[in-house]
Amino acid sequence: MDLDVFAMTHRAEWDRLDHLLGRGRRLSGAEADELVALYQRTATHLSLIQSSAPDPAITARLTQLVARARAVVTGTRRASWRDAIRFLTAGFPAAVYRSRHWWIPTAVLSTLLAAVIGWWIGTHPEVQAAIAAPDELRELTRPGGQYETYYSSHPAASFAAQVWTNNAQAAAFCLVFGAFLCVPVLWILFLNMANLGIGIGLMSSAGRLDTFLGLVLPHGLLELTAVFVAAGTGLRLGWTVIDPGPTTRRAALAQQGRAAIGMAIGLALVLFVSGVIEGFVTPSGLPTWARITIGVVAELAFLAYVYILGGRAARAGETGDIDASDRSAEVPTAA
């Protein structure tokens, strides 16, 4: 394609579209129809130039024109409380439900890994010696030691906020870095499971595994589930890079990426709940059975939320993606 000839042929249309977009008054019916037609034609021109003879200057101008025209043609809309309610009752749980084939295997395999690491450390004194000196291990695992005082060493509110921030960052990293062929997600998962396995192994070797689980389970059930959901979604995003399916890789990544952003917001709320439990329930004076019961109830409530509300929304066609009217325009692709 001769770009100069193409640009000369269609420049008058682009200038006319720019003129209509710059009008300070309301357009007449004929002008509005003309604007829509020019918007569609310019979007096609942009696609042809991008695929056949990309030119930075012309591409930049047409991209700006198409974006401005789309804003005028489709209009703008402000987010409302109805959007937030729809997201919480349909969009987010449906996205979690639809990705269950990724995060459930992730949860099972990760839990097994933590258990194996815990068994290995707990049954091999030489491995324990490589982790820390005997005096340091005793300080970690003794009654009133560091494993127990960790949850009550700071004011509950500030501790809950710190825990929430750290966990939300870990979940966000899983979601964001999943596009890098899954490797960062697997590393983050391994670090989390290794830390859990070390705690299990050291406390079990000291005969205090029940105390450790009593401290971890109240908040850990919901917290780890959120991390597994984030990791599973990140792995799914990474696999989209490898196998985008019937659509183009760009379109598939855009769809999965938008859903992942929504997941990050929803999981931040879930992790907020687990942070509150970790800050106020775990270090409380409640009996161990009561603290664990609170954690189990929170976990079951989340799973019911995903499988009941999310399953219903997914079967109704909800994907967790934003509405079609709010997505960026997808220009036609030249054959």
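Everything quoted here is computed from the prediction, not taken from an experiment. (Residues numbered from 1 in each chain as written. Predicted model: local features only at pLDDT ≥ 70, side-chain atom pairs only at ≥ 80, totals over all residues. Heavy atoms only, no water.)

J.: I keep staring at helix α11 (residues 209-242) and nothing clicks. Help me out?
T.: Every α-helical turn comprises 3.6 residues, leaving residues that sit three or four positions apart pointing alike. Here α11 spans only 42 Å end to end across 34 residues, well under the 50 Å set by a 1.5 Å rise per residue. The principal kink in α11, of about 55°, is found at Gly220. (Helix = DSSP H or I, 4+ residues; strand = E, 2+ residues; numbered from the N terminus. Expected span 1.5 Å × (residues − 1). Bend = angle between axes of the 7 residues up to and from the residue.)

J.: Mind showing me how you'd approach the UniProt feature "transmembrane region" (unreviewed entry) in the protein here?
T.: According to UniProt, the positions carrying the feature "transmembrane region" (unreviewed entry) are residues 102-121, 170-191, 212-239, 259-277 and 289-308. As annotated, residues 259-277 comprises 100% helix and 0% strand, and the C-alpha atoms at either end are separated by 27 Å. As annotated, residues 289-308 comprises 100% helix and 0% strand, and the C-alpha atoms at either end are separated by 27 Å. (UniProt positions renumbered as here; feature names shortened; annotations may be inferred.)

J.: Please clarify how the nonpolar core should be interpreted in this entry.
T.: Nonpolar side chains tend toward joint burial in soluble globular proteins. Counting residues in hydrophobic clusters, the biggest one holds 51 residues, and the most contacted among them are Phe92, Val96, Phe212, Met263, Leu267 and Phe302. When residues of this core are traced back to their parent elements, those giving at least two are α4 (81-98), α5 (100-122), α9 (156-177), α10 (183-205), α11, α12 (249-281) and α13 (288-315). Among the elements that make up this core, the one with the highest residue count is α11 (ten residues). The residues touching Val96, leaving out its near neighbours within four places in the chain, are Trp103, Val229, Met263, Phe302 and Val306. Residues Ala7, Trp14, Leu17 and Leu46 belong to the second largest nonpolar core, which totals 18 residues. (Core = buried A, V, L, I, M, F, W, Y, C linked by side-chain atoms within 4.5 Å. Buried < 20%, exposed > 50% of the residue type's maximum accessible area, 1.4 Å probe, protein only. Contact = heavy atoms within 4.5 Å.)

J.: Just to check I follow, could you spell out the environment of Glu299 for this structure?
T.: As for its position among the elements, Glu299 is in helix α13. Take Glu299: its relative accessible area is 13%, and that puts it in the buried class. As for Glu299 and Ser274, which are separated by 25 residues in sequence, their C-alpha atoms are 9.4 Å apart. Setting aside anything within four residues of it in sequence, one finds Glu299 in contact with Leu221, Leu222 and Thr225. At a separation of 2.8 Å, a polar atom in the side chain of Glu299 contacts the side chain of Thr225. (Polar contact = N/O pair within 3.5 Å; in protein donor to acceptor, adjacent residues only side chain to side chain.)

J.: How do you make sense of the pattern of salt bridges when you look at a structure like this?
T.: Oppositely charged side chains may form a pair once their charged atoms are brought near each other. The full count for this structure, using the stated rule, is eight salt bridges. Across the pair Arg68 and Asp18 runs a salt bridge, and its minimum N-O distance is 2.9 Å. Placement of the pair is Arg68 in helix α3 (residues 56-74) and Asp18 in helix α1 (residues 3-21), with a sequence separation of 50 residues. Its relative accessible area of 31% is what places Arg68 among the partly exposed residues. Taking the relative accessible area as the measure of exposure, Asp18 reaches 31% and is therefore partly exposed. Between Arg86 and Glu318 there is a salt bridge, with the nearest N and O atoms lying 2.8 Å from each other. Here Arg86 is found in helix α4, whereas its partner Glu318 is found in the segment after α13, with 232 residues between them in sequence. For Arg86, a relative accessible area of 37% corresponds to the partly exposed category. (Salt bridge = Lys/Arg side-chain N within 4 Å of Asp/Glu carboxyl O.)

J.: Help me out: how do you make sense of the packing of α5 against α10 in this one?
T.: Their axes nearest at 7 Å, the elements α5 and α10 cross at an angle of 40°. As far as their axial angle goes, α10 and α5 are oblique. The hand of the α5/α10 crossing is right-handed. Residue-level inspection shows Thr106, Ser110, Thr111, Leu113, Ala114, Ile117, Gly118, Ile121 and Gly122 of α5 in contact with α10, the latter providing Leu189, Phe190, Met193, Ala194, Leu196, Gly197, Ile198, Ile200, Gly201, Leu202, Ser204 and Ser205. Each residue belonging to the contact of α5 with α10 can be placed in one class, and the counts come to twelve nonpolar, nine polar and no charged. (Axes fitted to C-alpha atoms, helices over the stretch in contact; angles between N-to-C directions. Parallel < 35°, antiparallel > 145°, perpendicular 65-115°, else oblique. Left-handed = near helix turned anticlockwise from the far one by under 90°. Nonpolar A, V, L, I, M, F, W, Y, C, P; charged D, E, K, R; others polar.)

J.: I tried to follow the confidence of the model for the protein on my own but got confused; where do I start?
T.: In regions of low pLDDT, the predicted coordinates are not meant to be interpreted in detail. Confidence in the prediction for the protein averages 83 pLDDT; 87% of positions are at 70 or higher. Note on residues 329-335: pLDDT is under 50 here. Beyond four places in sequence and across chains, it has 13 contacts. (pLDDT = per-residue confidence, 0-100.)

J.: It is not clear to me how the packing of helix α2 (residues 29-52) against α3 should be interpreted in this structure. Could you clarify?
T.: Each pair of packed helices gets described by two things: the angle between the helix axes and the distance between those axes. Where α2 contacts α3, the two axes come as close as 9 Å, and the packing angle between them is 145°. Of the two elements, α2 crosses α3, and the hand of that crossing is left-handed. In this structure, α2 contributes Leu35, Val36, Tyr39, Thr42, Ala43, His45, Leu46, Ile49 and Gln50 to the contact, and α3 contributes Ile58, Thr59, Leu62, Thr63, Val66, Ala69, Arg70, Val72 and Val73.

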